[in-house]
Amino acid sequence: MTETPSNYPAKLRGAGDWFVSWALSPTNLLIVASLIIGLLAGSLAILAGGFDPVVAFSALIQGAFGSSQSVLRTIDKAVPLVFTGLAALIAFKGGAFNLGVEGQMIVGALAGAIAGAYITGIPGPIHLVLVFLVTILAGGSFALVPAMLKVRFGVNEIISTIMLNYVAVWGTSYLVNGPFKAPGYVPQTLPVAPAINLNRVFILPGVNFSLLVAILCVGLTLFLMKRTRFGYELNAVGINRTAAGVAGISVNRTTYLVFFISGALGGIAGILQVLVVHGRYIQGFSPGYGFDGVAVALVGQLNPVGVAFGALLFGALRSGGMQLDRVTDIPVDFSIFLQGVVILVIATPGIISFLFRRRRATR
Amino acid sequence: MQLDNSTLLLVAAILGATWRMATPIAFAAMGAAYSERTGVVNLGLEGMMLVGAMAAVVGSDKTGNPYIGLAAAFISAALIGVLFAFLVLKLKGDQVVVGIGINIMALGLTTVLLSAWYGNRGSSDLVTGIPAINLLGSTNNEAVKIIFSQSPLAYLLIGVVLLSWFIFYKSPFGFRLRAIGENPAAADAAGIRIVAIQFLCLALAGGLAGIGGAYLSLSQTSQFVRDMIGGRGFMGLSANIFGGWNPLGGFGASALFGFFMAIQMRLAGTRIPSQIVQMMPYLLTVLALIPATRKSRAPASLGVPYHPER
Amino acid sequence: MTSFIEMKGITKLYPGVRANNAIDFDIGEGEIHALLGENGAGKTTLMQILYGLVAPTEGSISVGGKPVEFRSPADAIAAGISLVQQHFSLVGVYSVVENVLLAREPSRYGVLYDRPAAKKIVQGLCQKYNLHLDIDSPVKELSVGDQQKVELLKAFYRGAKVLILDEPTAVLTPQQVDDLYVTMREFRESGNSIVFITHKLKECLTVSDRVSVLQAGSLVQTLRAADTDAAQLARMMVGRDLAEMTPRRAKALTDQVLLSARNLRVNGDNSLEAVRGVSLELRKGEILGVAGVQGNGQIELAEALAGVRPIVAGELLINGKRFNALDRKGFIAAGVGYVPENRHRDAWLGEASIEDNLILGYQDRFTRYQVLMKDRIGKYARRLVEEYDIRLSALSAPGRSLSGGNQQKAVMSRIMSQSLDILIACQPTRGLDISATEFVRSKLVEARDAGMAVLIVSYDLDEIKEMSDRIAVIYEGQIVDNRPFSEFSEKDIGLQMAGASRV
């Protein structure tokens, strides 16, 4: 038998060695391992493609953290992932896989954008609140579809949420190419009212409004999960549906709420892109933020604060990938590959002891 | 009642298109059946199809022989299946999340390689494909010709379906295989080598998905296109459920989904907006899950990991 | 007597637990060897090692004098060893025939399952061992007793020379136990051996040739059954003299009915009717024991009475108020506590903290304005841990870190510490060692004496007899008899549990 990673902290008896024991905690080791494995697998892929891994990875890191501009871009890319990560996290904690955050995001964003563009004549702040309400309702309700299928008919939410992403993509595409199409070639809506366009609202130089909302949502989620009865019940349902039911918790009601909140968070991710980045809904605005949510939640170890860091990691991969795309012939999709590897490793904690055993055996 | 000739030809065209549309989904459904009957949820089928589609094109391109491409598709996707099995069965990874990871990795990898080998991020060069043949070539009946003008892979599918059904329900091996999905502890205690059978089935599932992907890239487009599977792997998973985890049922369900898609192609260019038409197969797949889940019975231990103490 | 199998120095370590500690164990040819010990003494682990299901940390096994290493059950089966586990290893949707032959199916050309041959084989086995079964029906539709017969058939079909039976009598009526003894002795007469795992002294003295006693993972001694007696075995098993528990009955039965059910009909998980018109009353300050063989609807009845399973027809009154909906929350508010049979599945959150587990079901009472009152929860949890002597590393540790016995105590503690009128407890001492069993039983008696109405469901007739003020016998979803304890004889109950009408 080999030692399991969980034995590490016990061995570190040194006083004040808190940092070392934290840094070597199994989950952190897992993340580091995932990055190393990603690096190795990525190098192989790059070599297979006939590129130079050193050039590639330095471009990746340059693009993510090389300058203040690239750091800001990393944050920009990370912010939507905070929301989609929280969306996936809430669902996970409630015992459901919501793989439909992408769909809920674009549905919410489109609904909010339409409210932002077509409702006129009310004061900006009220309009803004209204847009958010519409977004939350639309994203949340769209997520209620798989919840209803699950509760009423026992339909597995994994497949239904995946399929509903396609429904959302084509459905929004119809609306933005048809009834709500702005004049011109691009499939997009009219711009939202200038009063609610947050493109120029900065909380710090170069850091826009959406980061504030993201931090707020992390805090709220943390409070919800750890301190409230709903969080307690959601957790119970997620861990053991049967025991939760026996404890008098309405499993169905909790499931509906979980999906609604999850979809609403997805919607918020989308509407912030609309209000802050593009000023309107543009078809295909998301490079897959919703799909990444699951990975972000896992990298964040299903903890709201962890999600923020997970989002930062994936945001860095994205912005680094864009740099990579610009200066080499390697497409931005390379960072998608890395994300896939990271997910595989995070989902398989056994990898660490496997590699550890291997190394010992070869010595 | 006498059908006039043009109606007959229309029906034949729709049936032929149904078969064509159903084939990749059904290959995935067969893969799903082998996975889920041994108790493993395999969301990675979509990614395995994608890898198969790419390998098929590369193999055909390098050798000029599309059947070598087909073999490459089977082998490479089966290897991904083995990787999946290794992570899930040996290293106790989470089945669902590993499946998702496989899909994302496959998408990234195929696109990077596409751009490396073909200098294009959207699609590969055209390669020698596997054209349709007519098994009933001698007939004079136009309608029959239209229906049976199919890729050899579509005929292969029929063989795979029937053979799988025989294996599942008529062979001793199938009894053991299904016992694993029902109660792995009981199968283990009965002396069945469960992990070996699960590895075999997951490799086979990957290989079958790979053939499904190769069908798309060799028989339909003769090139690889980024992210070209478009959810057919997931549809295969649904078809397997809709078909009650039975290969014949899975084939039937795939045919139904294929029929939706064939109808969708007929509706293109009509007054119905194309996006709504595009949406229909996915929506109907979701709706099909409702009666499927109510009626059929999943393997009792589906998705429940079993790791013996040794 | 020559020994057929020898296990030497078997040690099995689990994280934090030494399940087996350097055990030497041997099985002779043509003997019934009882393996006696409390729950958690390591009996099952030892036999799972012999069957290749669990790999030992240390130790060796030899069969017929030759050393062997069993990497999987397939190896053990090939060596002539078969195991009937406490939780049967059956494929529910497969027929009896298919289950018996699984992994050794007759076939034509190696690829075609030979159904007619399969059926003939199993028919032959049934005749030879005088077992009566509907061999074409799916095993999930069989009674537990019949399922055990399927397990025996499996072993016979494989030509087992050594048969390991893990607590085989737990699911049987007294009469069925006698039949099992007959089958066991017949098996021995043809030169085969049996390892008989039990924690019941009487049983092991009745049927076995030798007895090995395990305590806390170690072998105490192996001795001939003829040379020992119950008192000596009990001492070895528990490590102290076993005080004869004197049952404490209620001082007087009251007439104050707290729960009354009339003509209750309830469906089981398979949508078939499991409870078929049950009427019963539960009075303040009494323990009502529901006796019956597992699978006769008693669990479904208990679940309906606790509000976790829907009532199809009939009427349920709690404190005179009608309760018919599937409203567990309402039942909790009405003071109905519920200890489910499968605590691990129905009452425990393995991944939540122990503290969270200790308020499960009563989280409303620790909430103000939707926010949990963490301080109060912490204080409460510490109180329960102390009162019930729950052994844990920290309150924040995950629930799964508690041992089975401590989980059980935790579940009992959180329920019993709330103001309750009625307690429904299924198999309240399942899986507990003797001291924990005594503790739980004394808590139940305390609650009864404090005026609670208690209903206990148990498959263990001894437990029913020890605890109950009244006994209700359930058979195939119906209460076939319901009287004060003093009016029953053991023979009566046994026969009624088996479906015979009153004698």
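The model shown is predicted, which means the values in this text are computed figures rather than measured ones.

1. As for the overall build of chain C
Helix and strand counts for chain C come out as 17 helices and 24 strands. For 503 residues, the compact-globule estimate of 2.2 N^0.38 gives 23 Å, and chain C sits close to it at 24 Å. Looking at chain C residue by residue over its 503 residues, the buried ones come to 57%. For chain C, long-range pairs separated by at least 24 residues make up 65% of all intrachain contacts whose partners lie at least 6 apart in sequence. When the accessible surface of chain C is split by element, carbon and sulfur atoms take 47% of a total near 21000 Å². Considering chain C, the positive charge centre built from 60 side chains and the negative charge centre built from 63 side chains are found 3 Å apart.

2. Some points on the packing of aromatic side chains
Applying the stated rule across the entire model yields 19 aromatic pairs over all chains. Considering the side-chain rings of C:Tyr129 and C:Phe156, the 3.8 Å spacing of their centres and the 15 degrees angle between planes classify their relative orientation as stacked. A residue pair is termed long-range when its members are at least 10 positions apart, and C:Tyr129 in the loop between helix 4 (115-128) and helix 5 (144-157) and C:Phe156 in helix 5 qualify at 27 residues. We note that C:Tyr129, like C:Phe156, is buried. With 4.9 Å between their ring centres and 50 degrees between their planes, C:Phe366 and C:Tyr380 make a pair best called tilted. Linking C:Phe366 in the loop between helix 12 (354-357) and strand 19 (367-368) with C:Tyr380 in helix 13 (residues 374-387), this pair joins segments that are 14 residues apart in sequence. Taken together, the ring pairs in this structure connect A:Phe57, A:Phe334 and A:Phe337 into an aromatic cluster. The ring centre of C:Phe485 lies 3.7 Å from the NZ or CZ of C:Arg249, which sits over that ring. Positioned over the ring face of C:Tyr388 is C:Lys443, at 4.6 Å from the centre of the ring.

3. Digging into helix 17 (residues 490-497) of chain C
At 3.6 residues per turn, the α-helix brings residues three or four places apart onto the same side. All names here are of chain C. For helix 17, the complete set of buried residues consists of Asp492, Ile493, Gly494, Gln496 and Met497. Residues of helix 17 that are buried make contact with helix 6 (174-189), strand 15 (287-291), helix 16 (461-467), strand 23 (470-475) and strand 24 (478-484). Following helix 17 by one or two positions, Gly499 adopts a phi angle in the positive range, close to 100 degrees.

4. Observations concerning the side chain of A:Lys77
Residue and element names in this part refer to chain A. Relative to the elements of secondary structure, Lys77 occurs in helix 5 (residues 68-93). One buried charge, Lys77, has no salt-bridge partner; the nearest side chain with opposite charge is Asp76, at 7.2 Å. Dropping the residues within four chain positions of it, Lys77 is found in contact with Tyr289, Gly315, Arg318, Ser319 and Met322.

5. Points about the interface of chain B and chain A
The partner chain A presents 44 residues to the 46 residues of chain B that form the contact. Where chain B packs against chain A, one counts two salt bridges. Taking the shortest distance from any N to any O, the salt bridge between A:Asp333 and B:Arg226 comes out at 2.5 Å. In this structure, the connection of chain B to chain A is made through six residue pairs in polar contact (both at pLDDT 80 or more). Per-element tally for the side of chain B that touches chain A: the top contributor is helix 4 (residues 95-118) of chain B, with 17 residues. Residue composition of the side of chain B that touches chain A, grouped by class: 29 nonpolar, twelve polar and five charged.

6. As for empty space enclosed by the protein
Using the criterion set out here, one finds three cavities of 30 Å³ or more in the structure. If you add up the space inside the largest cavity, you get close to 100 Å³. Along the walls of the largest cavity sit 14 residues, with A:Val246, C:Arg328, C:Tyr338, C:Leu360 and C:Arg414 positioned nearest its centre. Listed by contribution, the elements that provide at least two residues to the lining of the largest cavity are helix 11 (241-246) of chain A together with helix 10 (328-333) and helix 14 (404-416) of chain C. When the residues that make up the lining of the largest cavity are grouped by side-chain class, the tally is ten nonpolar, one polar and three charged. Volume-wise, the second largest cavity comes out at about 50 Å³. If you go around the second largest cavity, the residues you meet are B:Ala189, B:Ala190, C:Tyr51, C:Ser82, C:Leu83, C:Val84, C:Ser89, C:Glu151, C:Lys154, C:Ala155 and C:Arg158. Taken together, the residues of the lining of the second largest cavity sort by class into six nonpolar, two polar and three charged.

7. Details of the domain arrangement of chain C
All names here are of chain C. In terms of domain boundaries, chain C breaks down into domain 1 (3-238), domain 2 (256-335 + 420-503) and domain 3 (345-418). Here the C-alpha centroids of domain 1 and domain 2 sit 32 Å apart. Taken residue by residue, the interface counts eleven residues in domain 1 and 16 residues in domain 2. Summing both sides of the interface, domain 1 and domain 2 together bury roughly 1100 Å²; the carbon and sulfur share of this comes to 58%. The three residues of domain 1 that bury the most area against domain 2 are Asn39, Thr173 and Gln175, which together make up 35% of that side's buried surface. Applying the counting criterion to the domain 1 and domain 2 interface returns one salt bridge. For Lys200, the salt bridge is made with Asp460, and the minimal N-O distance between the two is 3.4 Å. Seen at the junction of domain 1 and domain 2, the total is three residue pairs in polar contact (both at pLDDT 80 or more).

8. Quick word on the pattern of salt bridges
The tally for this structure, following the rule as stated, stands at 40 salt bridges over all chains. Between A:Glu157 and A:Lys150 there is a salt bridge, with its nearest N and O atoms 2.9 Å apart. When sorted by exposure, A:Glu157 lands in the same class as A:Lys150, which is buried. One salt bridge in this structure joins C:Arg108 and C:Asp114, with 3.7 Å as the shortest N-O distance. Look at the salt bridges and you will find they share partners, linking A:Arg229, C:Lys329 and C:Asp364 into a network.

9. Side note on the interface of chain C and chain A
Interface size is often expressed as the accessible area that is lost when the parts come together. Tallying the contact residues gives 25 residues for chain C and 17 residues for chain A. Buried surface at the junction of chain C and chain A, summed over both partners, amounts to about 1800 Å²; 59% is from carbon and sulfur atoms. It is C:Leu349, C:Gln363 and C:Gln370 in chain C that bury the most area against chain A; as a group they hold 25% of the surface buried on that side. At the boundary of chain C with chain A, the tally comes to one salt bridge.

10. Structural notes on the packing of helix 2 (residues 45-63) of chain B against helix 10 (residues 232-242) of chain B
Residue and element names in this part refer to chain B. Two elements in contact, helix 2 and helix 10, have axes whose closest approach is 7 Å; the angle formed by their N-to-C orientations is 130 degrees. Compared by their axis directions, helix 2 and helix 10 come out oblique. In this structure, helix 2 meets helix 10 at a crossing whose hand is right-handed. Where helix 2 approaches helix 10, its residues Leu45, Glu46 and Met49 are matched on the opposing element by Arg232, Gly233, Phe234 and Leu237. Among the residues forming the contact of helix 2 with helix 10, the class breakdown is four nonpolar, one polar and two charged.

11. What about the sheet that holds strand 12 (residues 218-224) of chain C?
Residue and element names in this part refer to chain C. With respect to topology, six strands assemble into an open sheet ordered 6-9-10-3-11-12, the strand pairing being mixed. The strands lining the two open edges of the sheet, one partner per strand, are strand 6 (81-84) and strand 12. In this sheet, adjacent strand axes meet at a mean angle of 15 degrees when their direction is disregarded. Pairing between strand 6 and strand 9 (residues 162-166): four bridges, direction parallel. In the strand pairing of strand 9, Ile81 is matched with Val162. Most of the contacts of helix 6 go to strand 10 (residues 193-198), to which it runs at about 145 degrees, and overall it touches strand 3 (32-36), strand 9 and strand 10. Against the sheet, helix 8 (residues 230-238) touches strand 3, strand 11 (210-215) and strand 12, its axis set at about 30 degrees to strand 11.

Procedures and definitions
Residues numbered from 1 in each chain as written. Chains lettered and ligands numbered in written order. Predicted model: local features only at pLDDT ≥ 70, side-chain atom pairs only at ≥ 80, totals over all residues. Heavy atoms only, no water. Helix = DSSP H or I, 4+ residues; strand = E, 2+ residues; numbered from the N terminus. Rg over C-alpha atoms; globule rule 2.2 N^0.38 Å. Buried < 20%, exposed > 50% of the residue type's maximum accessible area, 1.4 Å probe, protein only. Contact = heavy atoms within 4.5 Å. Areas by Shrake-Rupley, 256 points an atom, 1.4 Å probe, with all protein chains shown as cover. Lys, Arg positive; Asp, Glu negative; His and termini not counted. Charge placed at Lys NZ, Arg CZ, Asp CG, Glu CD. Phe/Tyr/Trp six-rings, centres within 6.5 Å; stacked < 30°, edge-to-face > 60°. Lys NZ or Arg CZ within 6 Å of the ring centre and 35° of its normal. Salt bridge = Lys/Arg side-chain N within 4 Å of Asp/Glu carboxyl O. Polar contact = N/O pair within 3.5 Å; in protein donor to acceptor, adjacent residues only side chain to side chain. Nonpolar A, V, L, I, M, F, W, Y, C, P; charged D, E, K, R; others polar. 1 Å grid on protein atoms, 1.4 Å probe; cavity = no way out; pocket = protein on both sides within 12 Å on 5 of 7 lines; lining within 4 Å. Points joined across faces, edges and corners; volume = space filled by probe spheres on them. Domains from an automatic or database assignment. Buried area = accessible area lost by both parts, 1.4 Å probe. Axes fitted to C-alpha atoms, helices over the stretch in contact; angles between N-to-C directions. Parallel < 35°, antiparallel > 145°, perpendicular 65-115°, else oblique. Left-handed = near helix turned anticlockwise from the far one by under 90°. Pairing = 2+ DSSP bridges.

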